[in-house]
Amino acid sequence: MLKLLTSLAATAAITLISGNAFAQAYPERSITMVVPFAAGGPTDTVTRLVAETMSKDLGQQIIVENVGGAGGTLGASQVAKADPDGYTLLLHHIGMATSATLYRKLPYDTLNAFEYVGLVTDVPMTIVAKKDFEPTDLKGLLEYVKANADKITLANAGIGAASHLCGMLFMSEIKTPLTTVPYKGTGPAMTDLLGGQVDLMCDQTTNTTKQIKGATIKAYAVTSAKRLDALPDVPTVAEAGLPGMQVGIWHGIYAPKGTPAEVTQKLSASLQKALKDPNIVSRFAELGTVPVTDAEATPAGLKAKLESEVTRWKPVIEAAGQYAD
Ligand code: ASP
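Computed from a predicted model, the values in this text were never measured in an experiment. (Residues numbered from 1 in each chain as written. Predicted model: local features only at pLDDT ≥ 70, side-chain atom pairs only at ≥ 80, totals over all residues. Heavy atoms only, no water.)

*Asks:* Explain the side chain of Ser55 to me, please; I cannot follow it from the model alone.
*Replies:* Secondary-structure assignment places Ser55 in helix 2 (residues 42-58). Accessibility expressed as a relative area gives 15% for Ser55, which makes it buried. A polar contact of 2.9 Å, which involves the side chain of Ser55, links it to the backbone oxygen of Glu52. Each residue touching Ser55, except ones within four places of it in the same chain, is listed here: Gln60, Gln61 and Ile62. (Helix = DSSP H or I, 4+ residues; strand = E, 2+ residues; numbered from the N terminus. Buried < 20%, exposed > 50% of the residue type's maximum accessible area, 1.4 Å probe, protein only. Polar contact = N/O pair within 3.5 Å; in protein donor to acceptor, adjacent residues only side chain to side chain. Contact = heavy atoms within 4.5 Å.)

*Asks:* Even after reading the chapter, I still don't get the packing of aromatic side chains, so can you show me in this structure?
*Replies:* This model, assessed by the stated rule, comprises five aromatic pairs. Grouped by ring-pair contacts, the aromatic residues Tyr108, Phe114, Tyr116 and Tyr254 constitute a single cluster. Here Arg104 stacks its cationic end above the ring of Tyr323, 3.8 Å away from the centre of that ring. (Phe/Tyr/Trp six-rings, centres within 6.5 Å; stacked < 30°, edge-to-face > 60°. Lys NZ or Arg CZ within 6 Å of the ring centre and 35° of its normal.)

*Asks:* What am I meant to see in unusual backbone geometry here?
*Replies:* Most peptide bonds adopt trans geometry, and most residues besides glycine take a negative phi value. Along the chain, Tyr26 connects to Pro27 via a cis peptide bond; the corresponding omega equals -5°. Topologically, Pro27 is positioned in the loop between helix 1 (2-25) and strand 1 (31-35). Its identity is not glycine, yet Ala70 carries a phi of approximately 50°, on the positive side. Structurally, Ala70 is set in the loop between strand 2 (62-66) and helix 3 (73-81). In this model, Lys175 sits at a positive phi of 50°, which is unusual for a non-glycine residue. Lys175 gets classed as exposed once you look at its relative accessible area, which sits at 72%.

*Asks:* Is there a simple way to think about the environment of Lys56 in this case?
*Replies:* The topology assignment puts Lys56 in helix 2. Between the C-alpha atom of Lys56 and that of Val234, which follows or precedes it by 178 residues, the distance is 36 Å.

*Asks:* Honestly, the site of the ligand in this entry has me stumped. Any pointers?
*Replies:* Near the ligand you find Phe37, Pro42, Thr43, His93, Ala157, Ala161, Ala162, Ser163, Gly185, Thr186, Asp203 and Gln204, and these make up its full shell. Backbone polar atom of Ala162 to an oxygen atom of the ligand: 2.8 Å apart, as the coordinates give it. In isolation the ligand has 270 Å² of accessible area, and contact with the protein removes 100% of it. Broken down by class, the residue content of the shell around the ligand amounts to five nonpolar, six polar and one charged. (Near = heavy atom within 4 Å. Areas by Shrake-Rupley, 256 points an atom, 1.4 Å probe, with all protein chains shown as cover. Nonpolar A, V, L, I, M, F, W, Y, C, P; charged D, E, K, R; others polar.)

*Asks:* What exactly am I supposed to notice about the pattern of salt bridges here?
*Replies:* When the charged atoms of two side chains lie near each other, side chains of opposite charge can form a pair. Tallied over the full model, the rule gives 13 salt bridges. Among the salt bridges present, the one from Lys56 reaches Glu52, with a minimum N-O distance of 4.0 Å. Taken as a pair, Lys56 and Glu52 lie in helix 2 at a separation of four residues, close to a single helical turn. The exposed category is assigned to Lys56, whose relative accessible area is 63%. With relative accessibility at 47%, the residue Glu52 sits in the partly exposed group. In this structure, Lys130 engages Asp199 in a salt bridge whose closest nitrogen and oxygen atoms are separated by 2.8 Å. Of this pair, Lys130 sits in strand 4 (residues 114-130) while Asp199 sits in the loop between helix 7 (186-195) and strand 7 (200-204), and the two are 69 residues apart along the sequence. (Salt bridge = Lys/Arg side-chain N within 4 Å of Asp/Glu carboxyl O.)

In structure tokens:
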């Protein structure tokens, strides 16, 4: 018996030492960070900025892989199935929480398939249209959309995407359904908005600020409580008459379930450093967003956010009765 206990204790000690040694040496090769949307969109922009800065700190390259489709659930599913060794990560947004209810047959269990690294940033949405869209302000837009509902197209990045959620809020506020056009991300949707192939979109400021400032698209409102320094002329949804449309698109970094805690802690510390990097702070500011606090950029911060957001959106989605399947 004593022999068995001694050998069990020795095995446990070896596992602990090898776990620590693994975490100390980590990362020894490049890391893949999956973005569950197309390249060139807002989630991609946030991910590339953060990945580049974290990779300098970690001393290894972070390769960004775009796995767009099904409102972000394809990319999340790929990461849920990946080896839990710290070399595959996911940067996803609020869609991680809404898809838990929107998809009744998700190939992963949202609250049990991932470890958490930390929150990254909370980005407002903007209601935007192609450049020559007739209405000049939100009030005019609402009247125009109601009168021409059968002719208007609304782009989104699939069911579960932030653009889908924001578009749903818009249609439910104005009680008018529109024809939606799904893309693998709002990067390609923006290309079509710029080309005038679609009329309207609701998208993160991280994708729209540059175009709004360059007047290549038209902006009607931001979904934040206050006007943004980056877009001082764009009214808030509350000012413009749609107070029920306030919404923030929070982003977080995840790892597959079973990734060692030492690894997620190391990544979280690196994320916290990255979020204080002057380049990230100024690029985020230009794009209408700010990094989260150190306390939020932690595994516990992201876990609490995801759990509360799954709970918050469940009854809203169930009441709407619209599912992805
Ligand atoms: N903005 C997109 C969304 O609607 C995602 C993206 O392309 O980054 O969720």
